[in-house]
Amino acid sequence: MKSSLQSCSRANYLLFSLGLLLQCGEARVHTEAQAGPLYRMVGSPLSISCNVSGFAIESIKKEIEFRVKKPAQPTFEINIISTKDQRFGYSVYADRVKNKEITLTHVTPNSVFFEMQSLEKGDEGEYECSVINPERNYVGTYNAKTTVKVIDNSLSVSSSASSTSLSYNEGDALTLTCQASCNTVQHTHLSLAWYLRKDDEDNAQPIISLDRDFTLSPGPGFEGRYQAGLIRLDKMGEATYKLNMAQLELSDQGRIYCQAQEWIQDPDRSWYTITQKNTEETTLYVTAREVLPDTSSLVVRISAQSATLQEGQELSLSCNVDTQNLGERFFSVAWLKGSVELLRIGPTGIQSVGPEYSGRVKEGELRAARIGNRVYRLILQPVRTEDQGEYICRAWLEDRGLDGAFTQGAAQDSSSQLISISATESGLSVEMQNTVGVNEGYGLKLTCKVHGVNGQLSVTWQRKSESSSTAMFTNVISLSQEGVVEKASEFMSREVKATRPATNTFTLELEEVAPSDSGDYQCAVSEWKVNRKTNSQSQTATVTVAPTYSFVTVNLISRNTIVTVGENVELMCRVKGPRVPITLTWSLQRDSSTIDNILTLYSNGAISWSGDQHRYQLKVVNTQNEVIHYLLINGASHREAGSYECRVSVFLENVYKGLPPSNPLAVRVQNPESKLDLTPTPALTRNVNSDIEIKCSVISKPSTSSHYAVTWLLQQQAENLTIVSSDRDALVTFGPQVQLSQRQRISVKRTEGPSFELTIRQARISDNGSYVCEVVEWLQDPHGDWYHLALVSKTTDLTVIEPANDLSLDKNEQPLTAREGDEVELNCIISGASGPSFFYKVTWLYTGHGSSIRNALVELDHTGLLSYPENQELRGLQGRLHLTRPTQSSVYLGIQRAHEGDNGTYQCQVEQYQLDNEGHWQQKASGRAGPITLTVHVAEKNLFIVKEEVELNMSRTQDFTIPCHITKQSSSESQLQVTWFWQKESETKQRPIFTAYRNSTLQDRFGKGDKLRFHHPLPNQFSLTVLKTSPEESGLYFCEVEEWLLSLSHGWRKVAVEKSGYLTVNVDAEGDVGAVSKPECKSYIWMGILIATVICSLLVILLLVLKICRSKVSGENKSGQTLWAEQYPLNTKPSAEN
């Protein structure tokens, strides 16, 4: 029996142990670290909390380790510190751990606090908190990670104080300015405070501060002066903060400085100070103002009718003011609860209410009055539980000036009066949701449910900003027990509604909320009986308005960010979040320049272009979860290279609210690879003083827009000398080391191909070396801007040598004959050394006929300078010389209009020159050609005129023409003078009728110019016509021609004189006559005489012939045609010249 009992007890013990083990096995370990990412400044401290839960035994201290993974090596863990092993950390952190700059402290057995005193840039990374499992089993998570971002400190703080010490009198005004700004990319807030460090105190006390939510708060001891408006902090512009202290007090003496703090909100929505900076301290000295003897003291007392009240009752506070000459004094009196002023009565009885209690004054709950010379009373009814606390009364003595203005004296406070308010027993209760979240731009709806209602209800919705914990609730909207809605002045322009959809439900609706609407909202419900408020209850809900950037995200991506010039780039801006009207702006930042907007796409679809519209295209694609905005860059150039961003503004509350820009996306535009290939001129060997051409040709296929920049370099003794360069616009510039004398010998030329030629004229030995042709190809991008590809070069080796000298001239004597007036050409041919390195000076020498003196006529030197040596006797000949040099080895001397005075001997003298290495001319050889003997002959007589004998029988008033036809002249340069003569039949005297001189002057020598007509149709034909002849004008007519030729040695001279044949004119006054050729008649007569003398028998035959001849003449007279000159012109026998 005993054995069985023992077995049973053992079994129970095993079951109990098994159950305990199972219970322990159900525990699940959870490790939690502070949520990230945490943004911290360089040099600021870092703290990370790490908590562990779920272990079977919570009281045992857990050993915890911290590690980090750096962004550069995201897979490599670096040990930092451990609570278990002091040598846990790697060497990179060992010294900082040893110097207590990095610590890991247990707060509780299950939580630690990791701290780094001063962050470095390299501390950025992912931190991991790991717990060492003291148990055998692993269930749960034993590590937690937090990302830490280390950013640069950009906070800048400076003060406007011009001196380190300032002196003021008591009651003077002090104004100080502080400049505070930051340029942090992350969203941060700034807070700013002015501090006073008194001489006898170690810690500085704040004078006034502006927190990160723009809430002003006076420091301890400065509340009254702040409420009185004597201390102000104004923000002027973006970064200027001005402190105004209207009336300095003796207690203000000390050191004043400005402190700025930069705050960032961590993922757990808590705000953290990432950096703070102070300005230099400025010492302020305040000198006491002299106290006048007649100044009286002021005594202020406060009393309450009842210091213990219940909710809904009336609070009555009396303020008693006492001083000397009370009846003649003016006062200002105010009641304060803590540091908040409820109401103030001025010296003239005008009341002013603090902003926190303005609503209660409107509802009639708060009022004040002066009830005696020294007694002022404040009444607050009904009171609420939040009205309990300490109250004081503050009074100021007011001095009235002659102009009626009041001057406020020093404030005097009463002692404090404690008021206690207890809640009344009532069934009224209010229920409301504790926290409410809403996105910016959406509507806020709060519901307040009421229970235990015994009377009529009114509701007042109030709000307190979350930016300040000391702020008071202010009214938003109220709904009275009669159903009257009243908005607060602050919300008159807002869409806000207070409704009562059910008897026990009240709602507040506020449209298009903003982050500034975040805060605590209070639903204050009051119960009324017979127009008297009997009870009030309130409930508070915390409302958080999420800013747009927290639920609308912008991300910029691209598939190709490295492109070649001319390729397209597509950027995608992804906007995730609810569908709200947005405005999207594409921007580009080139290098470190300012950001340039490309375009803006508005919510209504309108597009505003700021960049080159032709280079970009837009596309918008809507998906279920996001909207993708595409920006296509057509034909990218270097202008489009840079960092792109897309910025989004959300249209809320009728205004655009900007969101943080997208991530920057860098686009690189690179040049295409150069395919330029050159072929140079091979090695060259040329004579000195010759012209050298070095070619550098492009053999690759150029682009249509290819331009080339060419630079020619000379390599001599391991030195590179830039000779000349031609940019892509063919603008030629010489290297700085190329002297002017060298520049005159160098030129560059660009030909088809393209081919680039360097020409060196008059090459010297010093020109030896390696000539490098550097070619850079330039192309145009789609904008038309030029960019260049990689440089390509080729080399040509040049050798300049001295040539052999073998000057040779023709030594043979040459006779030359010419006619006067002709152009004579004398030749001088140089043979032998005819290379381009040789230059020749040629001088023509002249020895006159019958003279032995040799004179220089003309000289063409080796530099191409032409000169005529001074010689008065040869000036005429030098003026008619014409020197030509068609080739380097031939020189021709021309003599224009040669004459007898040019006779003589001409000789060509040649001197050979060459440039030496220093560029100086050196004579290499000289020689004379054989003499040329010139003989000029004067022109000989060679004048011929048509000589034909003609007889004319004509009647009165007919015209006849005397021709004068020259068939040949002695010289083509000669000029003719023609004179016509007349000789009567009965006289031997020949009279000149008319003369045409060689200078084209005409002279009527007959005295009857109206009857003469001169004709000169051709250079060798002259004629004179006599009009309307009379019998007195019968006789012989002929012309006489004189040929004149200009001789350079003798002037004008008569070369020849010739006469024409005779024209016999017979003018019959009685009738028509025929024209008989006189030679023809004479031939018949002599033939008859010959026949008669030879043989008499032929006489009869002769008589018959004469008869036949006469009968033929008479037959012609009977043909019906008259020969009178008035009707038909005389048809003379054609002459040889016709």
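Placed above this text is the structure.
Residues numbered from 1 in each chain as written. Predicted model: local features only at pLDDT ≥ 70, side-chain atom pairs only at ≥ 80, totals over all residues. Heavy atoms only, no water.

A.B. asks: Teacher, can you tell me more about the state of the cysteines here?
C.D. replies: One way to say it: the disulfide is the covalent bond shared by the sulfur atoms of two cysteines. What the rule picks out here adds up to 8 disulfides. The disulfide partner of C178 is C258, and the S-S distance across this bridge is 2.3 Å. Across the S-S bond of C178 and C258 the torsion is about -75 degrees, and the bridge reads as left-handed. Of this pair, C178 sits in strand 12 (residues 174-181) while C258 sits in strand 18 (residues 254-265), and the two are 80 residues apart along the sequence. For the residue pair C178 and C258, the accessibility class agrees, reading buried in each case. For C696, the disulfide goes to C773, at an S-S distance of 2.3 Å. One quick way to see it: the torsion about the S-S bond of C696 and C773 is about -80 degrees, and its sign makes the bridge left-handed. A residue pair is termed long-range when its members are at least 10 positions apart, and C696 in strand 55 (residues 692-698) and C773 in strand 61 (residues 769-780) qualify at 77 residues. Across the pair, C773 and C696 agree in class, each one buried. (Disulfide = S-S within 2.5 Å. Helix = DSSP H or I, 4+ residues; strand = E, 2+ residues; numbered from the N terminus. Buried < 20%, exposed > 50% of the residue type's maximum accessible area, 1.4 Å probe, protein only.)

A.B. asks: Mind showing me how you'd approach the nonpolar core here?
C.D. replies: Membership of the largest hydrophobic core comes to 34 residues, with the highest contact counts inside it found for L556, L571, C573, W586, I598, L631 and Y644. When residues of this core are traced back to their parent elements, those giving at least two are strand 42 (553-558), strand 44 (569-576), strand 45 (582-589), strand 46 (595-601), strand 49 (626-633), strand 50 (642-652), strand 52 (665-670) and strand 62 (786-801). (Core = buried A, V, L, I, M, F, W, Y, C linked by side-chain atoms within 4.5 Å.)

A.B. asks: Could you clarify how one ought to interpret the pattern of salt bridges in this entry?
C.D. replies: Should the charged atoms of two oppositely charged side chains come close, the side chains can pair. For the coordinates displayed, the defined rule picks out 39 salt bridges. Among the ionic pairs, R232 bridges to D234, the shortest N-O distance being 2.6 Å. Here D596 makes a salt bridge to R590, at a shortest N to O gap of 3.0 Å. D596 sits in the partly exposed class, given a relative accessible area of 33%. Through salt bridges with shared partners, a single ionic network connects R360, E365, R384, E386 and D387. (Salt bridge = Lys/Arg side-chain N within 4 Å of Asp/Glu carboxyl O.)

A.B. asks: Honestly, the sheet that holds strand 59 (residues 746-751) in this entry has me stumped. Any pointers?
C.D. replies: In a beta sheet, neighbouring strands are held together by backbone hydrogen bonds and run either parallel or antiparallel to one another. Pairing is antiparallel in the open sheet, where 4 strands are placed in the order 53-55-60-59. The open sheet is flanked by strand 53 (678-680) and strand 59, the only strands paired with a single partner. Across the sheet, the mean angle separating the axes of adjacent strands is 20 degrees when strand polarity is ignored. Here 3 bridges tie strand 53 to strand 55, and the two strands are oriented antiparallel to one another. (Pairing = 2+ DSSP bridges. Axes fitted to C-alpha atoms, helices over the stretch in contact; angles between N-to-C directions.)

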